[in-house]
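So you can see what is in the structure, the chains are spelled out below.
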Amino acid sequence: MPRHEIALAFVPGLAFAKDGARLGYGGGYYDRYFADARQPSPVRVGVCFREQFVDRLPRDPHDVRMHAVLTDGGVFDCRETIG
């Protein structure tokens, strides 16, 4: 499906932080996919267990953050910290 037709994307990860940072699996696929400025980006929702949701994670400038994180403990809005 073309990205411009996607309104919402659920994104897996090893860990997520309150600012929307994501620790992935090391391939950079999601960062490259969402960073393409020529197409609108869907709302990004990280999916993990509450134990994988932490205060902070290291981030690189090319890392794309999540708008929200969904855990078994609830949904956390990360947009306030994205700026």
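If you're wondering where the values come from, they're calculated on a predicted model, not measured in any experiment.

## Brief notes about the pairing of strand β7 (residues 74-77)
No. 1: Direction of pairing for strand β6 (residues 68-71) relative to β7: antiparallel, over a ladder of 4 bridges. Residue pairing for β7: V69 is matched across the bridge by F76.
No. 2: Here β6 folds back onto β7, and the loop between the two strands holds 2 residues.

## A few points about the sheet that holds strand β4 (residues 43-47)
No. 1: Strands sit in the order β1-β4-β6-β7 across an open sheet of 4 strands; the sheet is mixed. In the strand order of this sheet, the two ends are held by β1 (8-12) and β7, each with one partner. Between one strand axis and the next, the sheet turns through 25° on average, direction left out of account.
No. 2: Note that β1 and β4 share 5 bridges and pair parallel. Bridge assignment links L8 to a residue of β4, and that residue is V43.

Criteria and cut-off values
Counting of residues starts from 1 at the beginning of each chain's written sequence and follows it residue by residue. Where local features are concerned, this predicted model is filtered to residues with pLDDT of at least 70; where side-chain atom pairs are given and counted, the filter is 80 or more; whole-chain, interface and lining totals use all residues. Values shown for side chains rest on all heavy atoms present in the structure; no hydrogens or waters enter the calculation. Two strands are said to pair when DSSP picks up at least two bridges between them. A run of DSSP states H or I qualifies as a helix once it reaches four residues; a run of E qualifies as a strand once it reaches two. Both are numbered from the N-terminal end. Angles here are taken between N-to-C directions and fall from 0 to 180 degrees, while the axes themselves are lines fitted to C-alpha atoms, restricted in helices to the stretch in contact.

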